[in-house]
Amino acid sequence: MAGGQKPKRNNEQAGRFSTPEPVRRLVWVRAAGHCEQCGVDVTRDFRTGKTFNWAEVAHVLPASPQGPRASAGYDEGAAERHTVDPDNLMLLCPSCHARTDLDADGYPTHDLSRHHRDHIDQIRHAASRGETQRASGLVILGGHFATENIVRARDLADAMLSESLWADEDIQILRLRAPGLDGRDEVYWRAIEQDIDKSLQDRLTKRTNALGDPLNLAVVGLADIPTLIRVGRQLGDRSNRFLFSRDRSGTLRWIDPAAPAPEWTYVGPPPGDGPIALVLALSAALADAAILDALPGARIARFTLPTPEYGLIRNRATIDSFRRALQPHLSQLEASTPDPLHLFAAIPAAIALEFGALLSTNHAHQYVIYDREGGSNPFAKMMELGPRQPSPTAIEQ
Ligand SMILES: [Zn+2]
């Protein structure tokens, strides 16, 4: 809010408030003189070449209770407040202004607000590039699901900017191949690993030649859990990772940057001779029966939350906290048996990547990763992960 600014009634349209001049100027300055929708420079007449400010100050929530996007409870007081709030005021060219107000359903409040915030953030970061860190952006899309789960490069760029990470070149979208007729077998995993190595190798080589810094990598992945674990292991020891997580609404920005870490709980396996199943039940509960069906006689160790939920990752600190909380238990489990540890996981994508990264650095044990072919099917053995071998391409170089 710009404190102390009192909106005036607009005489021509009864009930409509108008924005005071100082607030209007702030809207122009924050938008850096460009339309927030189409990006056109609104300080210049292109035909005559003259300087000419031709944009309009537009409302997300309207200047009157009857305006576009006003809901039932939107009264005069709300209209008055929103008319002096720069967070509610966009700089738009006349045609974008007309379109967003005529098609209020097509431009709902939350979309416009988010876009407005992103736009202002982009300008702020562009104007203060000295403070930003550069990072390579990587979007990994699995080929196993036939889903519409698409993350656009633009989404990652926006999320990166919100954390002062500047994409140092085009964001790379890596679409992994789909499994063949034999499903996700060892041939498939080797092919996936090579695809990822190849795409990372290009980045790493370029980066090292340019500055010699370790690569900052901003990563978001959408794939099945075994793939994400595999990718995470490949990323783990070779870059500074900035993992992003996509929430149900599709945004990659953190839901709540200040949220405290969840209360992780751990129960170790009972004594005995059976194989050890490590259950990570974070986004959904996993019943013992489902584990025992796939691994009879298993001794189950559980790392979970009081209430597993899909939206548990509210900020990057959640991921760091997961790593710190799990690490000692992994070490203990590994020390307790020379046999493989069997992993059953219901976890968000970013946690799967982080788990894989953990395996690359400190945990050179044999793991067997289980997954389901679709939500209701039983768990099946999907992939074995041992200590990472150098890939053939790395040896050639
Ligand atoms: Zn425009």
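Here goes a summary of the coordinates provided. These numbers come from a predicted model, not from an experiment. By convention here, each chain's residues receive numbers from 1 onward along its written sequence. Note on the predicted model: pLDDT of at least 70 is required for a residue's local features to be given, and 80 or more for side-chain atom pairs to be given and counted; whole-chain, interface and lining totals, by contrast, use all residues. To obtain the side-chain values, all non-hydrogen atoms of the structure were used and water was disregarded.

Examining the nonpolar core
Throughout this description, the term nonpolar core refers to a set of buried Ala, Val, Leu, Ile, Met, Phe, Trp, Tyr and Cys residues connected via side-chain atoms within 4.5 Å. Burial here depends on accessible area, computed with a 1.4 Å probe over protein chains only, as a share of the maximum for the residue type. Under 20% is buried, over 50% is exposed, and the range in between is partly exposed. With 67 residues, the main nonpolar core has I229, F244, L280, L282 and F355 as its most contacted residues. Residue ranges for the domains originate in an automatic or database domain assignment. In terms of domain composition, this core takes at least three residues from each of domain 2 (132-252) and domain 3 (265-385). Whether two residues are in contact is decided by their heavy atoms, any of which lying within 4.5 Å being enough. Excluding residues that lie within four positions of it along the chain, L280 makes contacts with L286, F303, L326, L343, F344, A345, A346, I347 and F355. Core analysis: the second largest hydrophobic core is formed by 17 residues, V27, V42, C93 and L112 among them.

Examining the coordination of the zinc ion
Metal donors were taken as nitrogen, oxygen and sulfur atoms no farther than 2.8 Å from the ion, or 3.2 Å where the ion is Na, K or Ca. Water is excluded, so coordination may look unfinished. The protein atoms that coordinate the zinc ion are C35 (SG), C38 (SG), C93 (SG) and C96 (SG), at distances of 2.3 Å. Labels for metal geometry use angle windows, namely 85 to 135 degrees for all angles of a four-donor tetrahedral site, and for square planar (four donors) or octahedral (six donors) sites opposite donors over 155 degrees apart plus all others within 65 to 115; sites meeting none of these are irregular. Coordination at the zinc ion is tetrahedral, judged from the 4 donor atoms that bind it and the angles of 103 to 115° they form at the metal. In primary-sequence terms, the residues that donate to the zinc ion follow C-x2-C-x54-C-x2-C. Looking at C93, the relative accessible area reads 4%, which means it is buried.

With respect to the pairing of strand β13 (residues 341-346)
Counting buried positions over the 6 residues of β13 gives 6, a clear majority of the element. The pairing criterion for strands is at least two bridges between them, as found by DSSP. Numbering of helices and strands runs from the N terminus, with a helix taken as a DSSP run of H or I at least four residues long and a strand as a DSSP run of E at least two residues long. Sheet analysis places strand β11 (residues 276-281) next to β13, joined by 6 bridges and oriented parallel. Looking at the pairing, A277 lines up with H342 of β13. For β13 and strand β14 (residues 367-372), the ladder comprises 3 bridges, and the chain directions are parallel. Within β14, the position partnered with L341 by the bridge is Y367.

Some details on the packing of aromatic side chains
Here a pair means two rings of Phe, Tyr or Trp (six-membered ring of Trp) with centres within 6.5 Å. Their orientation is stacked below 30 degrees between planes, edge-to-face above 60, and tilted elsewhere. A full pass over the atoms with the stated rule returns 8 aromatic pairs. An angle of 65° between the planes, with centres 5.9 Å apart, marks the rings of W264 and F322 as edge-to-face. Taken together, the positions of W264 in the loop between β9 (239-243) and β10 (265-267) and F322 in helix α9 (residues 316-336) put the pair 58 residues apart, joining distant regions of the chain. Measuring from centroid to centroid gives 4.3 Å for F344 and Y370, while their planes differ by 20°, and the two rings are stacked. Pair noted here: F344 is in strand β13 and Y370 is in strand β14, with a separation of 26 residues, a long-range link. Here F344 falls in the buried class, since its relative accessible area comes to 0%. Chaining the aromatic ring pairs together yields one cluster made of W264, F303 and F322. One Lys or Arg, R316, reaches over the ring of F244 and ends 4.8 Å from the middle of that ring. Two conditions define a charge located above a ring, namely a distance within 6 Å from the ring centre to NZ of Lys or CZ of Arg, and an angle within 35 degrees of the ring normal.

As for the sheet that holds strand β15 (residues 379-385)
Ordered by their spatial adjacency, 6 strands build an open sheet running β10-β12-β11-β13-β14-β15, and the pairing between neighbours is mixed. The open sheet has two edge strands with one neighbour each: β10 and β15. Strand-to-strand twist across the sheet, computed as the mean angle between neighbouring axes with direction ignored, equals 25°. In this sheet, β15 lies alongside β14 in antiparallel orientation, the contact comprising 6 bridges. In the strand pairing of β15, I369 is matched with M383. Strands β13, β14 and β15 of the sheet are contacted by helix α7 (residues 225-236), whose axis makes an angle of about 15° with β15. Angles run from 0 to 180 degrees between N-to-C directions of axes, and those axes are lines fitted to C-alpha atoms, restricted for helices to the stretch in contact.

Description of the environment of I291
As for its position among the elements, I291 is in helix α8 (residues 288-294). I291 gets classed as buried once you look at its relative accessible area, which sits at 0%. Placed 14 residues apart in sequence, I291 and A277 show a C-alpha to C-alpha distance of 7.7 Å. Sequence-distant contacts of I291, that is, excluding residues within four places in its chain, are made with A277, V279, L286, I300, F344 and F379.

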